[in-house]
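Descriptive structure summary
Residues per chain, in single letters:
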Amino acid sequence: MATTPTRLSKPARREQLLDTAMAIVRTHGTDGLTLVTLAEAAGVSRPITYGHFATRPGLLLALYRRLDERHRAAITHVLQAAVPDAGEVAHVISTAYFACATDMPELSAISAALKGNPEMEAVQHELTDSYTDLMATALLPYSDLPPQALRLHCVGMLGAAEAIAAELNRERATDGEAVTTLTDLILGGLDAKADR
């Protein structure tokens, strides 16, 4: 049942709605999230939720972007504090990647709910490019590969990381195994370039 909404600025209201939407996804899955259920759970009128997100896919895309931003921010933060060493940087990337993958299982659920949505495909490409650039920049000091070759190497590592995260989330691997495997893949690729 809707109550009189507290007056919040538009950005603050959007954050409140996204927090509420995330809680709904955690409790009921993506199938339980609609603009109507969001309005009811947030205690606002339906026009408010429609004004912020327009459609259910728009809401899911906003949630996906928010989770991805948090994921990249977490990795950026730990990379800034990392010891400047190839092994340490590879380990930090791996640890942060899988911490986010297990702490944010909603990311995969939201992605699955939007499968086939052309806007989602564009957003995923944009965010993957951004994440690839983040990785390539972090690894560049430890690689003799040309930047474009290193970037392609990072694309492959991210594909491997996604597959390993799926195994981790299905409890077919431990956190330690996942981190060690991705770290070894990163370092192996960097070592391979030195042998060429």
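Residues numbered from 1 in each chain as written. Predicted model: local features only at pLDDT ≥ 70, side-chain atom pairs only at ≥ 80, totals over all residues. Heavy atoms only, no water.

Our focus in this paragraph is the overall build of the protein chain. Along the backbone of the protein chain there are nine helices and zero strands. Helices (α) and strands (β) of the protein chain occur, in sequence order from the N terminus, as α-α-α-α-α-α-α-α-α. The principal-axis extents of the C-alpha atoms in the protein chain amount to approximately 65 × 35 × 35 Å. Among the 196 residues that make up the protein chain, the fraction classed as buried is 39%. Long-range contacts, defined here as pairs at least 24 residues apart, represent 68% of the contacts in the protein chain between residues at least 6 apart. A total accessible area of about 10500 Å² is found for the protein chain, and carbon and sulfur atoms account for 55% of it. One way to put it: in the protein chain the 17 positive side-chain charges average out to a point 11 Å from where the 24 negative ones average out. (Helix = DSSP H or I, 4+ residues; strand = E, 2+ residues; numbered from the N terminus. Buried < 20%, exposed > 50% of the residue type's maximum accessible area, 1.4 Å probe, protein only. Contact = heavy atoms within 4.5 Å. Areas by Shrake-Rupley, 256 points an atom, 1.4 Å probe, with all protein chains shown as cover. Lys, Arg positive; Asp, Glu negative; His and termini not counted. Charge placed at Lys NZ, Arg CZ, Asp CG, Glu CD.)

This part covers the packing of aromatic side chains. Tallying each qualifying case throughout the model produces two aromatic pairs. Residues Tyr97 and Tyr131 carry aromatic rings whose centres are separated by 6.0 Å and whose planes lie at 70° to one another, so their mutual orientation is edge-to-face. Here the residue Tyr97 occupies a position in helix H5 (residues 86-103), and Tyr131 occupies one in helix H7 (residues 118-139), the gap between them amounting to 34 residues. For the pair Tyr97 and Tyr131, one class covers both residues: buried. In this structure an aromatic cluster arises from ring pairing among Tyr97, Phe98 and Tyr131. (Phe/Tyr/Trp six-rings, centres within 6.5 Å; stacked < 30°, edge-to-face > 60°.)

Time to look at unusual backbone geometry. Not every positive phi belongs to a glycine, and Ala54 is a case in point at roughly 65°. Of note in the backbone geometry, Glu171 takes a positive phi value of approximately 60° without being a glycine. On the secondary structure map, Glu171 appears in the loop between helix H8 (147-169) and helix H9 (175-194).

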